[in-house]
Amino acid sequence: MLLIDSHCHLDAPEFDGDRDAVVARAHAAGVRSQVIPAVQAEAWPKLRDLCRTTPGLYPAYGLHPMYLAAHLPGHLQDLRAWIERERPVAVGECGLDYFVDGLDRDAQQACFEGQLRLAREFDLPVIVHARRAVDAVIATLRRIGGLRGVVHSWSGSEEQARQLWRLDFLLGIGGPVTYERARRLRRLVAAMPLQHLLLETDAPDQPDAGIRGQRNEPARLAAVLEAVATLREVDPEEIARATSVNAARLFGLPPPRDPPDEVATAAR
Ligand SMILES: [Zn+2]
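None of these values were measured; they are calculated from a predicted model. (Residues numbered from 1 in each chain as written. Predicted model: local features only at pLDDT ≥ 70, side-chain atom pairs only at ≥ 80, totals over all residues. Heavy atoms only, no water.)

## Some words on the coordination of the zinc ion
And then number 1: Coordination of the zinc ion by the protein involves His7 (NE2), His9 (NE2), Glu93 (OE) and Asp202 (OD), with metal-donor separations of 2.1 to 2.8 Å.
And then number 2: Note that the zinc ion binds 4 donor atoms; their angles at the metal cover 85 to 172°, and the shape is irregular.
And then number 3: Read in sequence order, the donor residues for the zinc ion give the motif H-x1-H-x83-E-x108-D.
And then number 4: For histidine 7, a relative accessible area of 1% gives the class buried.
And then number 5: Judged by relative accessible area, which is 9%, histidine 9 ranks as buried. (Donors = N, O, S within 2.8 Å, 3.2 Å for Na, K, Ca; no water. Tetrahedral: all angles 85-135°; square planar, octahedral: opposite > 155°, others 65-115°. Buried < 20%, exposed > 50% of the residue type's maximum accessible area, 1.4 Å probe, protein only.)

## Details of the pairing of strand β4 (residues 90-97)
And then number 1: Burial within β4 is extensive, with 8 of its 8 residues counted as buried.
And then number 2: Summarising the sheet, strand β3 (residues 57-61) and β4 pair through 2 bridges and their orientation is parallel. Paired with alanine 60 across the strands is alanine 90, a residue of β4.
And then number 3: Relative to strand β5 (residues 126-131), β4 runs parallel, the two sharing 5 bridges. Across the sheet, the residue bridging to cysteine 94 is valine 128, located in β5.
And then number 4: Following the backbone out of β4, through helix α4 (residues 105-121) and into the adjacent parallel β5, one traces a crossover that is right-handed. (Helix = DSSP H or I, 4+ residues; strand = E, 2+ residues; numbered from the N terminus. Pairing = 2+ DSSP bridges. Right-handed = clockwise from strand over helix to strand, strands pointing away.)

## Here we look at the confidence of the model for the protein
And then number 1: Taken as a whole, the protein shows an average pLDDT of 95; of its residues, 95% reach a score of 70 or greater.
And then number 2: Within the model, the stretch residues 261-268 combines pLDDT values under 50 with 2 contacts to residues more than four positions away or in other chains. (pLDDT = per-residue confidence, 0-100. Contact = heavy atoms within 4.5 Å.)

## Brief notes about the environment of leucine 250
And then number 1: As for its placement among the helices and strands, leucine 250 is situated in helix α9 (residues 236-251).
And then number 2: Residue classification places leucine 250 among the buried positions, given a relative accessible area of 9%.
And then number 3: For the pair leucine 250 and histidine 64, spaced 186 residues apart in sequence, the C-alpha to C-alpha distance is 20 Å.

## Thoughts on helix α5 (residues 134-144)
And then number 1: Three or more residues of α5 are buried, namely Val134, Val137, Ile138, Thr140, Leu141 and Ile144. Axial view of α5: buried residues confined to an arc of 165°, hence all on one face. What points out from α5, more than 90 degrees from its buried face, is the exposed set Asp135 and Arg143.
And then number 2: Residues of α5 that are buried sit in contact with β4, α4, β5, α6 (158-166) and β7 (169-173).
And then number 3: Phi turns positive, to about 70°, at glycine 145, one or two residues after α5. (Arc of directions from axis to C-beta.)

## Details of empty space enclosed by the protein
And then number 1: What the rule picks out here adds up to 1 cavity of 30 Å³ or more.
And then number 2: Looking at the largest cavity, its volume works out to about 30 Å³.
And then number 3: Forming the walls of the largest cavity are Ser153, Trp154, Gly172, Ile173, Gly174, Pro176, Val177 and Leu185. (1 Å grid on protein atoms, 1.4 Å probe; cavity = no way out; pocket = protein on both sides within 12 Å on 5 of 7 lines; lining within 4 Å. Points joined across faces, edges and corners; volume = space filled by probe spheres on them.)

## Side note on the packing of aromatic side chains
And then number 1: The full count for this structure, using the stated rule, is 3 aromatic pairs.
And then number 2: Joined through ring pairs, the aromatic side chains of Trp44, Tyr61 and Trp82 make up one cluster.
And then number 3: Above the ring of tyrosine 98, the side-chain terminus of arginine 105 is found at 3.8 Å from the ring centroid. (Phe/Tyr/Trp six-rings, centres within 6.5 Å; stacked < 30°, edge-to-face > 60°. Lys NZ or Arg CZ within 6 Å of the ring centre and 35° of its normal.)

So this is what it looks like as structure tokens:
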């Protein structure tokens, strides 16, 4: 079973001590590809180097709304240059966060829209963070127009989900779906059209119910897969295949494969 983690912060300092082991465990769990969205300009070089040296890791570059204080006026122009030179798989993580106190909404909006325009200019998908701000995000996507992408860590209503599907957006589903108390989310995931579903961990954040309170990691995508398959009463293999195709198509990734040595072993 081969999986793509569509949203993992593997470049985060939480993984500095054991990143190779984390990647190895992800591989062992079938997670052969990971999309790694950036959070702030200062971290772009580390992210680029990590993705260059580790097969199966794909960067997105952007300015995360929670890191608003770190974003300087010139960073949007810097982002343009980075995208042009580095050709990432997406723009992000960008978006709106109305949950965290003290994040100026007008400044967030300007930063978000600037990134959406870059995504449209370079014909890249966007990776969107929307916390307590789903309606504002939808209105912005609609106004800018001509976009595609994913709203990650989905937490909105079914009606909001439908509006995003009509805008050609997917929903990222991660650890929260493994908690029984997440009734509205679980109802949506049980019935939503499979072509709009992406699996994600958001590691090191958002641990699933099996590792509650601990550091999350990409190998745990298997637990998210299991929960989604159980809710939909289908074989996990079917969800793995469909969501891998969705992620590969959205981000323009090669379909996940077994590494060549395993293929060779199987052929012998
Ligand atoms: Zn994230």
